[in-house]
Amino acid sequence: MATTQGLPRPPAPGAAALPDGTFDGTTVVVTGGGTGLGKAIAAEFARLGARLAILSRKPDHLEAARRAMDELGAEVACIECDIRDADAIAAAFDRIEERFDLPAVLVNNAAANFPSPTEDLSPNAWRTVVDITLNGTFLMCREYARRLLAADRAGSIVNIGASYAWTGGPGFAHSSAAKAGVKNLTETLAVEWGPYGIQVNCLVPGLMPHEDMTADIKGNLAATNDKDACQPALRVGERQELGWAATFLASPYARFISGHTLVVDGANWQRRNLVSPPVTPIRDQMGRPPFDED
Ligand code: HXC
Ligand code: NAP
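Residues numbered from 1 in each chain as written. Chains lettered and ligands numbered in written order. Predicted model: local features only at pLDDT ≥ 70, side-chain atom pairs only at ≥ 80, totals over all residues. Heavy atoms only, no water.

## Points about helix α1 (residues 36-47)
- For α1, which comprises twelve residues, the first-to-last C-alpha distance of 17 Å matches the rise-based estimate of 16 Å (1.5 Å per residue) to within 8%.
- Counting buried positions over the twelve residues of α1 gives ten, a clear majority of the element.
- When α1 is considered as a whole, its buried residues turn out to be Gly36, Leu37, Gly38, Ala40, Ile41, Ala42, Ala43, Glu44, Phe45 and Ala46. (Helix = DSSP H or I, 4+ residues; strand = E, 2+ residues; numbered from the N terminus. Expected span 1.5 Å × (residues − 1). Buried < 20%, exposed > 50% of the residue type's maximum accessible area, 1.4 Å probe, protein only.)

Laid out in structure tokens, this is it:
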């Protein structure tokens, strides 16, 4: 008799999903690689021999990235950079090329998000999330591709998305719209740049809780009673599961995969109930009083 055991757990962090040395001698850029999922992705590339360039705004996040890469024995360049700033991005790539070489892989992981009923968002709050998540991803892709094209080199881009790109994300209108843009941009760029040897994919994490999550996101998750039981997999995701998928997409074994969005969420985004549960308005879910324009 089948038991409801959920999807099996993955191997522990540190297990290799690809042959040793898959990224030996290559440079991999990870934006926002000092925290959470970006740090986990950087770690998997490091385990496979890559040297890393981590771009992020906050010195403590850059320091965390340095410590993590040191522990794995990987060379790392930690570069302060706000991905909303095209000049800062160009300067970061100059530094990476001076120190290492032109990167073989770019992972656009940095993003911004906080939950809010849409009617409560200020214009600047909306702009900030879209600017970091969508415009920042565009600026990074643009700078990287221009350098690859000028050098006549191949490369691989992995953009980190979110499944509400397809479904909409009540309580996250700004992030949801921005991630839809990231997924769509991936599809355009894969076609435009494929002829020049540049592969562009998108990778979507499911719920993968971690200690670096912002207070807003942690608060939102705390309202979910049992995170495991709320997933068809009967468990949340583990960070290394995203890291393995990122390294695979950027590896020689995935060269014919481009313009694809890979979802690593145990089918959570496809879940529908046979009988619809009652609707709870977002304001109520967030414990907010009725809208008051003042
Ligand atoms: C409403 C908010 C807000 C909040 C900021 N703002 N936080 N509005 N609710 N919780 C508003 C501010 O009031 C301001 O608008 C505008 O947003 C810009 O705020 P700043 O603090 O000046 O912006 P900045 O310093 O650039 O910081 C960006 C940030 C911050 C997004 C606000 O949280 C950040 O740096 N985040 C980076 C990390 C992150 O977001 N990680 C989440 C990734 S997880 P006004 O009008 O006052 O000027 C993810 C998927 C999770 O994406 C999926 C979960 C299910
Ligand atoms: P996180 O820990 O908050 O990481 C976000 C990173 O982005 C931080 O390291 C931050 O570093 C960096 N960043 C933000 N704004 C930046 C900017 N303007 N310039 C440069 N770097 C910037 O979030 P996470 O949970 O690891 O999420 C990583 C990715 O997965 C994001 O794209 C997110 O949307 C996606 N995702 C996560 C989940 C989940 O369950 N965690 C689910 C779906 C999608 P600084 O503050 O130092 O700049």
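Now that the structure is up, let's keep going.
## A few points about the pairing of strand β1 (residues 27-31)
- Burial runs high along β1: five of the five residues are buried.
- Alternating positions in β1 separate into two faces, Thr27, Val29 and Thr31 on one and Val28 and Val30 on the other, with burial throughout.
- In the sheet, β1 pairs with strand β2 (residues 51-56) via five bridges, with the strands oriented parallel. When the sheet's bridge partners are listed, valine 28 is paired in β2 with leucine 52.
- Handedness of the crossover joining β1 and β2 through α1 is recorded here as right-handed.
- Note: β1 against strand β4 (residues 105-108), three bridges, orientation parallel. Within the sheet, the bridge partner assigned to valine 29 lies in β4 and is leucine 106. (Pairing = 2+ DSSP bridges. Right-handed = clockwise from strand over helix to strand, strands pointing away.)

## Topic: the nonpolar core
- Phe45, Leu52, Met69, Val107 and Leu203 are the most contacted members of the largest nonpolar core, which totals 33 residues.
- Taken together, the elements giving at least two residues each to this core come down to β1, α1, β2, α2 (59-71), β3 (76-80), β4, β5 (155-160) and α8 (239-249).
- In terms of residues, this core owes the most to one element, α1, which gives six residues.
- Leaving out residues up to four positions away in the same chain, phenylalanine 45 has contacts with Phe23, Val28, Ala50, Leu52, Val105, Val107, Ala246, Thr247 and Ala250.
- Counting residues in hydrophobic clusters, the runner-up holds 31 residues, among them Ala53, Cys141, Leu148 and Ala190. (Core = buried A, V, L, I, M, F, W, Y, C linked by side-chain atoms within 4.5 Å. Contact = heavy atoms within 4.5 Å.)

## Points about the pairing of β5
- Summarising burial for β5: six of the six residues are buried, a large majority.
- What you see with β5 is no split at all: Gly155, Ile157 and Asn159 on one side and Ser156, Val158 and Ile160 on the other are buried throughout.
- As judged from the four bridges shared by β4 and β5, these two strands associate in the parallel manner. Of the residues in β5, the one forming a bridge with asparagine 108 is asparagine 159.
- For the crossover from β4 across helix α4 (residues 123-151) to β5, the handedness is right-handed.
- Relative to strand β6 (residues 198-205), β5 runs parallel, the two being bridged by six bridges. By the bridge assignment for β6, isoleucine 157 is matched with valine 200.

## Considerations on the pattern of salt bridges
- Counted under the stated rule, the structure contains 15 salt bridges.
- With its nearest N and O atoms 2.8 Å apart, the salt bridge here joins arginine 283 to glutamate 119. Linking arginine 283 in helix α9 (residues 282-285) with glutamate 119 in the loop between β4 and α4, this pair joins segments that are 164 residues apart in sequence.
- One salt bridge connects glutamate 241 with arginine 235, and the closest N-O pair in it is separated by 2.9 Å. (Salt bridge = Lys/Arg side-chain N within 4 Å of Asp/Glu carboxyl O.)

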